[in-house]
Structure formats: C-alpha cells, structure tokens
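Spelled out, the chains give:
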Amino acid sequence: MTAYLGGSAFQTVLDNPVTAYRQLVQQYAKDAAGKAVDPKIATAEATAVFKANPVGACASGLAPRIIGVGFKRVPKFGILLGISFILGEDGNISAPAAFGASVLSAPFINPIRMIEKQQRAFFKETGVEKPIMEILREAAKQNFQPLFRGSVPLMGHSCASALLGLAGQPKLQKYIKEELSQYGVGTFTSGLLASAAVTPIYVGVTNPLSRLEVIMQTSKIDGKAIGVIEACKEVINDSKQFGLRGVFRGQGLGIAKGILSLTAFHQGRIWLMDAFKENNIKNGSYTPKVGSA
C-alpha cells in the first residue's frame, strides 16, 4: 500500500501541469455566450492563461491532488487490493476487483476531483486559483452535495483506469521485458513502452468521460448543476459542429499525460517495493522463496 501511495504522489507532482492544461482545453470548449468554439480557439485560450501565470497555472489544483493521494488512493487501493486478496489473486488485479474498487471508492474520490477542478475553473477570469476553503464554504451551503457532481462518469473513468492502468500495464510491461531482455531493455524502458502501448486505448475510452466530468464539475457551485444527460447533450452538440475533434478535445494531451502518469506511477511504485523488499530481507522479516526473482 505504501509503495502504491508513494508512486501515486510521484506521479501527481510530475503530471500536474499537463493535467491542468488539459482541463482548460476541455473547459474552454464554450465561449462566454455558451456557444461551442473550435478546439483550436480553446487551445489558444488555455495557452494564454498559462503564459499569463505559468507557475500558478502549472501548480493549480496540486494541493488537493496531493491531499487526495491519501483521501482518494487509500480507499481505492485498499478496496482494490482487498478484493484482489479475497479473490485469491496473489497481487494480480482482475476485472471484478477493478470494477468493485471503482464503484466503492467513488464517494471518496469525487469530492477531491471536484475541488481540484473548481480551483482552476475560473483562472481565466481571476488569474489565480480559487482557494480550497472558499470552495468548501460554497459547498457547505448546499450540504456539500455539489462535491459529488460528476460521480457517474468518474466511476467509468476509474474502472477503465484500474483495468488498463493498474492491471493491464504491469502485465504488458512484464511481457515486453521478457521479450526484449536479450536487447538489454530494463525495467524503466519496458515500463515506458508498456505505458505508451496502453495509453492510447485508455485515453480513447476515458477522454469522453473526462469531458463529462469537466463539464459537470466546472460550473459554479452556487449556480445550476449540470447533470449527466445535459453534459452528454453538450458533447453531442460539440461533435455535430466539430466532428471527432469536438468529442476528443484534449485527446493528444491525454495520451501524453497518460504515458507520463503511468510510467511515473509504476516506476515509483517499483522503486519503493524493491526498497522495502530489500530492507525486509536485510532485517530478517522476509525470506524470499527459492528461485524467486
């Protein structure tokens, strides 16, 4: 669990600038009048925000994401590893474990993601991120219900993440490492190649879900909430005007982020697991099985 959390914290710090930029590209899909704009215009607006305050934009949402390593990851990884243990999977993540963890951990994850997106939501208007306490005070007036906006697309996103990222990437990495070991390919390179192979599939599945989350979670807390159906209609309308470019806004950024995130997470996790294992062997608390790698 500690290795998973450490890998997650490592990933979070490294990919935050890309995460922030991608959200703005997707968020600026509409102009001030509420009309859909060309993806190129949305990208230009997001770039302008970053140029105006590069440090603030890159770090926006980082605090709740780091806090979320505990609030989000402990329930998700705990449930995931717990179900995997009950099913006797010996550390291998199956589809049932991934699905169960995605659904059961959503109430813990969604508020953090909502706060993260709210911090960046009004960057263009104010030039600074929205304070966490201000977000919480606004949500408190409605019994914190706004913090659970976007839970439905999150469950789908989280399930795909668990299946392809947590379960699929390590298996593919192991296969690539075995096949290319004769060429001197090590853990880091095989992990990078595995992430590059898994990510386009993962982002293709999750990008529309990510769009729904952004639409539902970046509206004003004290304003009218946008439901799943309304958000879907917005994406459909976007596709009618701009085709697949409208549906898959931020797709390229998502792939870049996915490769960086998966590689950073698993590399950090592997480094920590190896360090813990070596330390346990040295102090005698763990004896490796004969013939184990």
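Residues numbered from 1 in each chain as written. Predicted model: local features only at pLDDT ≥ 70, side-chain atom pairs only at ≥ 80, totals over all residues. Heavy atoms only, no water.

Caption draft 1: Broad picture of the overall build of the protein. Within the protein, the regular secondary structure consists of 13 helices and zero strands. Mapped in sequence order, the helices and strands of the protein form the string α-α-α-α-α-α-α-α-α-α-α-α-α. A compact globule built from 293 residues would reach a C-alpha radius of gyration of about 19 Å, and the protein, at 20 Å, matches this within 12%. Each principal axis of the C-alpha atoms in the protein carries an extent, and together these give about 70 × 45 × 35 Å. Evaluated residue by residue, the protein yields a buried proportion of 46% over its 293 residues. Contacts in the protein between residues far apart in sequence, at least 24 positions, make up 76% of those at least 6 positions apart. Here the protein carries 32 positive and 20 negative side-chain charges, and the mean point of each set is 1 Å from the other. (Helix = DSSP H or I, 4+ residues; strand = E, 2+ residues; numbered from the N terminus. Rg over C-alpha atoms; globule rule 2.2 N^0.38 Å. Buried < 20%, exposed > 50% of the residue type's maximum accessible area, 1.4 Å probe, protein only. Contact = heavy atoms within 4.5 Å. Lys, Arg positive; Asp, Glu negative; His and termini not counted. Charge placed at Lys NZ, Arg CZ, Asp CG, Glu CD.)

Caption draft 2: Here's a closer look at unusual backbone geometry. Although it is not a glycine, N143 adopts a positive phi angle of roughly 60°. Relative to the assigned elements, N143 resides in the loop between helix 8 (132–140) and helix 9 (151–180). In this structure, F144 takes a positive phi of about 65° despite not being glycine. Summarising the element assignment, F144 is placed in the loop between helix 8 and helix 9. Judged by relative accessible area, F144 falls into the partly exposed class, the value being 38%.

Caption draft 3: A look at the confidence of the model for the protein. The predicted model of the protein has a mean per-residue pLDDT of 83, with 94% of residues at 70 or higher. Model confidence for the protein, summarised as mean pLDDT per element, is weakest for helix 9 at 76 and strongest for helix 8 at 94. (pLDDT = per-residue confidence, 0-100.)

Caption draft 4: Broad picture of the pattern of salt bridges. Applying the stated criterion to the full structure yields 13 salt bridges. Measuring nitrogen to oxygen at the nearest pair gives 2.9 Å for the salt bridge that ties K124 to E45. Pair noted here: K124 is in helix 7 (residues 123–126) and E45 is in helix 2 (residues 39–52), with a separation of 79 residues, a long-range link. With relative accessibility at 39%, the residue K124 sits in the partly exposed group. Between E116 and R120 there is a salt bridge whose closest N-O contact spans 3.0 Å. With a gap of four residues between them, E116 and R120 both fall in helix 6 (residues 95–121), about one helical turn apart. A single network of salt bridges, built from pairs that share partners, joins D15, R65, E116, R120 and K257. (Salt bridge = Lys/Arg side-chain N within 4 Å of Asp/Glu carboxyl O.)

Caption draft 5: Examining the nonpolar core more closely. Counting twelve residues, the largest nonpolar core is built from A20, Y21, L24, V25, Y28, V37, A42, A46, V49, F50, A57 and F123. In this view, Y28 contacts V37, A42, E45, A46, V49 and K124; residues no more than four positions away in its chain are not counted. Membership of the second largest hydrophobic core comes to seven residues, among which are L212, M216, A231 and V247. (Core = buried A, V, L, I, M, F, W, Y, C linked by side-chain atoms within 4.5 Å.)

Caption draft 6: Here's a closer look at the packing of aromatic side chains. Applying the stated rule across the entire model yields two aromatic pairs. For the pair F10 and W271, a centre-to-centre distance of 6.1 Å together with 50° between the ring planes defines the contact as tilted. Here W271 lies in helix 13 (residues 251–282) and F10 lies in helix 1 (residues 2–27), a separation of 261 residues in the sequence. Across from the ring centre of Y28, 4.3 Å away, lies the NZ or CZ of K124, which sits over that ring. (Phe/Tyr/Trp six-rings, centres within 6.5 Å; stacked < 30°, edge-to-face > 60°. Lys NZ or Arg CZ within 6 Å of the ring centre and 35° of its normal.)

Caption draft 7: Region of interest: the packing of helix 1 against helix 13. At a closest axis distance of 6 Å, the pairing of helix 1 and helix 13 adopts a crossing angle of 165°. Regarding the angle of helix 1 to helix 13, the classification is roughly antiparallel. Considering the relative orientation of helix 1 and helix 13, their crossing is right-handed. Here the contact of helix 1 with helix 13 is built from residues that sort into 15 nonpolar, nine polar and four charged. (Axes fitted to C-alpha atoms, helices over the stretch in contact; angles between N-to-C directions. Parallel < 35°, antiparallel > 145°, perpendicular 65-115°, else oblique. Left-handed = near helix turned anticlockwise from the far one by under 90°. Nonpolar A, V, L, I, M, F, W, Y, C, P; charged D, E, K, R; others polar.)

Caption draft 8: How the structure looks around a nonpolar patch on the surface. On the surface, F10, L14, L260 and W271 cluster together to form a nonpolar patch covering roughly 370 Å² of accessible area. Mapped by element, the contributors of at least two residues to the nonpolar patch are helix 1 and helix 13. (Patch = residues over 30% accessible without salt bridge, like charges linked within 9 Å, V, L, I, M, F, W, Y side chains within 5 Å. Areas by Shrake-Rupley, 256 points an atom, 1.4 Å probe, with all protein chains shown as cover.)

Caption draft 9: Structural context of the side chain of N16. If you trace the backbone, N16 turns up in helix 1. Side-chain polar atoms of N16 contact the backbone oxygen of C58, separated by 2.6 Å. Each residue touching N16, except ones within four places of it in the same chain, is listed here: C58, A59, S60, G61, L62, R65 and R120. (Polar contact = N/O pair within 3.5 Å; in protein donor to acceptor, adjacent residues only side chain to side chain.)

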